[in-house]
Amino acid sequence: MGLFNTKNTGVKLKKLSREELVEIIYALQQSEKSLKEENEELKARIAENEQVISHFGTVADASQSLNDIFSEAQKALEQYLMAIKVTAAGTTTAGSSYPSGVDVQLAQYQAEEIVAEANRQADEILAEARREVDKALELVRQAGDLYTEENQS
């Protein structure tokens, strides 16, 4: 209100009637109420945005865990495959006699078990990451809906 931006505010207020003063007070109270509501809405949006950001951090952590699992599984598989190749070539790393066929089968079985376990863990991590992404996307959608509603009014 321009009324409060002048040097002679006190003099102008004294010249107003009681009814006009009540109207000014009412208008100021409504303005204050509106600003408080807007402030609360903005705080809620900030909280939602922080939640979305934390969910994306969780997805990044899950992705890193998945990469670590695959890396370890790949290393173990390469070691077993090397042992099988050495066996197939007819020598061992120590230059001793051939390992038995049972040892080769055991190595193959262990390699398959490692890969199967890595795949199982990877599937679990991917499922959790998908759930986290879905949650984050839902929060983003809700924030977008709220933003759209606010801008339409």
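This text goes with the structure placed above it.
This is a predicted model, so every value here is computed, not measured. (Residues numbered from 1 in each chain as written. Predicted model: local features only at pLDDT ≥ 70, side-chain atom pairs only at ≥ 80, totals over all residues. Heavy atoms only, no water.)

(A) Quick look at the pattern of salt bridges. Summed over all chains, the structure comprises 7 salt bridges. The shortest N-O distance in the salt bridge between Glu40 and Lys43 comes to 3.9 Å. Within this pair, Glu40 and its partner Lys43 are both found in helix α2 (residues 18-89), separated by 3 residues, close to a single helical turn. Owing to a relative accessible area of 49%, Glu40 belongs among the partly exposed residues under this scheme. Arg141 is the salt-bridge partner of Glu138, the closest N and O atoms lying 2.4 Å from each other. On the criterion of helical spacing, the pair formed by Glu138 and Arg141 is a turn pair, its members being 3 residues apart in helix α3 (residues 101-152). The partly exposed category is assigned to Glu138, whose relative accessible area is 32%. (Salt bridge = Lys/Arg side-chain N within 4 Å of Asp/Glu carboxyl O. Helix = DSSP H or I, 4+ residues; strand = E, 2+ residues; numbered from the N terminus. Buried < 20%, exposed > 50% of the residue type's maximum accessible area, 1.4 Å probe, protein only.)

(B) Structural detail: the nonpolar core. Counting residues in each nonpolar core, the largest one holds 8 residues, listed as Ala62, Leu66, Ile69, Ala73, Ala118, Ala122, Ile125 and Ala129. Those residues in contact with Leu66, other than ones at most four positions away along the chain, are Ala122, Ile125 and Leu126. (Core = buried A, V, L, I, M, F, W, Y, C linked by side-chain atoms within 4.5 Å. Contact = heavy atoms within 4.5 Å.)

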